[in-house]
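Survey of secondary and tertiary structure
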Amino acid sequence: MSVRTAVSGVRPLLGARLVVGTGTVTARRVSGCRGTGFREQIYASSFRQFSITPAAHKKKAVKSSKSSKSDAEQEDIEVVVYNPQSFISSCDEILTDLKSQIQEARMGRGDLKTLNRLKIQVGKQKIVLESLGQVSIRSGRHIVVSVYDPETVKAVSAGILAANLNMNPQIDPSNPQILLIPVPPPTRESREATVKSIKSLIDAAQKSVHHRSIHQERTKAMAAVKLMKQASYSKDMTTKLESQIEKINKEYLAKFSKMQDEATQAIMRS
């Protein structure tokens, strides 16, 4: 039940909370002047609260934290033991994807993307090449353009020649809807550009925060071990798991570094 308290000669900020004994009161003006003296009417809540002060905030936060922990224990939340094998599996998947990306970079996939975005004049309109045919690589020495409509083969060939990409499309003798483009021999500049591209791919696979990487997977693994600590698993167990995660992390970073060195050497020798 609310308790009504009259306070004379005091003008608390309307809406402010004050401490009165063990309760908290909220100042609200409910009447104006009586006689010659100003009188404010204050209502106090009968339930227990804390005053809003820095010290009380801290105390309240601590109590809230203890309460949350108690609630979690009462709810019997299950925290499973982390298995480092899941970290290894994730790293293997990233490694496999990276190998594929490096192979594509070495085969000139950058040229394929450029071709796919190339606009071809067909009649009175310009159409991107990827809408007119499929672009792929054959044996690493030829770019293949499989044109969907035989009526547009000449337009596609002319568009590629006019783009000044140092590409000379030729019709495949066995299929008039296929254009073969010999891949130009690599220059020092093109080799260095490929090496730079591969380095960027490996850096992203190691430590990117924007997409899947070793860094992200390590962070997830450590977070799982942290949950185990909060669930009161033994210190020996959690310390051992952290050591295993760090060891796996170093092993895969070394694999990535070796992969970069091997790819760089192979490209510069080609």
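Cut-offs applied
- Each chain has its residues counted from 1, running along the sequence as written.
- In keeping with the predicted nature of the model, local features appear solely for residues at pLDDT of at least 70, side-chain atom pairs appear and are counted solely at 80 or more, and the whole-chain, interface and lining totals rest on all residues.
- Computation of side-chain values covers all heavy atoms of the structure but excludes hydrogens and water.
- What counts as a helix is a DSSP run of H or I of at least four residues, what counts as a strand is a run of E of at least two, and both are numbered from the N terminus.
- Exposure is judged per residue with a 1.4 Å probe applied to protein chains only, and the accessible area is read against the type maximum: over 50% gives exposed, under 20% gives buried, and values in between give partly exposed.
- By the convention used here, residues are in contact when the closest approach between their heavy atoms is within 4.5 Å.
- In these tables, accessible area is a Shrake-Rupley quantity obtained with a 1.4 Å probe, and a residue counts as shielded only by the protein chains included in the view.
- Values of pLDDT, ranging from 0 to 100, describe the predictor's confidence in every residue of the model.
- Interaxial angle, 0 to 180 degrees, is taken between N-to-C directions of lines fitted to C-alpha atoms, where a helix line uses only the stretch in contact.
- Angle categories are assigned with fixed cut-offs, so that under 35 degrees is roughly parallel, over 145 is roughly antiparallel, 65 to 115 is roughly perpendicular, and the rest are oblique.
- Under the scheme applied, nonpolar residues are Ala, Val, Leu, Ile, Met, Phe, Trp, Tyr, Cys and Pro; charged residues are Asp, Glu, Lys and Arg; polar residues are all the others, including Gly.
- Any two strands between which DSSP finds at least two bridges are classified as paired.
- The salt bridge definition used is simple: a Lys or Arg side-chain nitrogen within 4 Å of an Asp or Glu carboxyl oxygen.
- A helix is expected to span 1.5 Å for every residue after the first.
- Each C-beta atom gives one direction from the helix axis, and the arc is the one those directions make.
- Whether two aromatic rings pair depends on their centres lying within 6.5 Å, for rings of Phe, Tyr and Trp, where Trp uses its six-membered ring; planes under 30 degrees apart make the pair stacked, over 60 edge-to-face, and the rest tilted.
- Two conditions define a charge located above a ring, namely a distance within 6 Å from the ring centre to NZ of Lys or CZ of Arg, and an angle within 35 degrees of the ring normal.

A word on the overall build of the protein. In terms of regular secondary structure, the protein is built from seven helices and 11 strands. Residue burial in the protein is summarised as follows: out of 270 residues, 28% are buried. Restricting the contact set of the protein to residue pairs at least 6 apart, pairs at least 24 apart contribute 57%. Put simply, the protein shows about 18100 Å² of open surface, and 52% of that area lies on carbon and sulfur atoms.

Now for the confidence of the model for the protein. Averaged over every residue, the pLDDT of the protein is 75; residues scoring 70 or more account for 69%. Note on residues 1-75: pLDDT is under 50 here. Beyond four places in sequence and across chains, it has 75 contacts.

Turning to the packing of helix α5 (residues 188-207) against helix α7 (residues 235-269), a few remarks are in order. Two elements in contact, α5 and α7, have axes separated by 10 Å at closest approach and are oriented at 170°. Relative to α7, the element α5 is oriented roughly antiparallel. Contacts from R188, R191, E192, T194, V195, I198, K199, I202, A205 and Q206 in α5 reach L253, F256, S257, M259, Q260, A263, T264, I267 and M268 in α7. Considered class by class, the residues forming the contact of α5 with α7 number 10 nonpolar, five polar and four charged.

Below, the discussion takes up the pairing of strand β6 (residues 119-122). Burial along β6 is one-sided: the face carrying I120 and V122 is buried and the face carrying K119 and Q121 is not. The pairing of β6 with strand β7 (residues 125-128) spans four bridges and is classified as antiparallel. Bridging from a neighbouring strand, I120 pairs with I127 of β7. Taking the residues that link successive antiparallel strands as the turn, the β6-β7 hairpin has two residues, and the phi of G123 there is positive, at about 65°.

Moving on to unusual backbone geometry. We note that S232 has phi near 70°; this positive angle belongs to a residue other than glycine. By the element assignment, S232 lies in the loop between α6 (214-230) and α7.

Attention now goes to the pattern of salt bridges. Following the criterion strictly, the structure yields seven salt bridges and no others. For D203, the salt bridge is made with K199, and the minimal N-O distance between the two is 3.0 Å. Note that D203 and K199 are positioned in helix α5 at a spacing of four residues, about one turn of the helix. When its relative accessible area of 22% is taken as the criterion, D203 is described as partly exposed. By relative accessible area, which is 41% here, K199 ends up partly exposed. Here R212 makes a salt bridge to E217, at a shortest N to O gap of 3.2 Å. A relative accessible area of 8% places E217 in the buried class. Each member of the salt-bridge network shares a partner with another, and the members are E93, R212, E217 and K220.

Sheet architecture is open: four strands sit in the order β8-β9-β11-β10, paired in antiparallel fashion. Each edge of the open sheet is held by one strand with a lone partner, namely β8 (133-138) and β10 (170-172). Mean inter-strand twist for the sheet, computed between neighbouring axes without regard to direction, equals 35°. Two elements, β10 and strand β11 (residues 175-182), share three bridges in a ladder whose sense is antiparallel. In the strand pairing of β11, I171 is matched with L179. Here helix α4 (residues 153-162) sits on the sheet and contacts β9 (142-147), β10 and β11; the angle it forms with β11, its principal contact strand, is near 10°.

This part is about helix α2 (residues 85-106). Between its terminal C-alpha atoms α2 stretches 32 Å, which fits the 32 Å expected from 22 residues at 1.5 Å a residue. Every buried residue belonging to α2 is among F87, S90, C91, I94, L95, L98, I102 and A105, and all of these are buried. Within α2, the buried residues cover an arc of 140° as seen down the axis, which keeps them to one side. Along α2, exposed side chains directed more than 90 degrees from the buried face belong to T96 and K99.

Once that is clear, we can look at the side chain of T194. For T194, the position within the fold is in helix α5. Judged by its relative accessible area of 19%, T194 falls in the buried class. Among all residues touching T194, those that are not within four sequence positions of it are A105, R106 and I267.

For the rest of this paragraph, the subject is the packing of aromatic side chains. Counted according to the given criterion, the structure contains zero aromatic pairs. The aromatic ring of Y252 is capped on one face by K255, whose charged end is 4.4 Å from the ring centroid.

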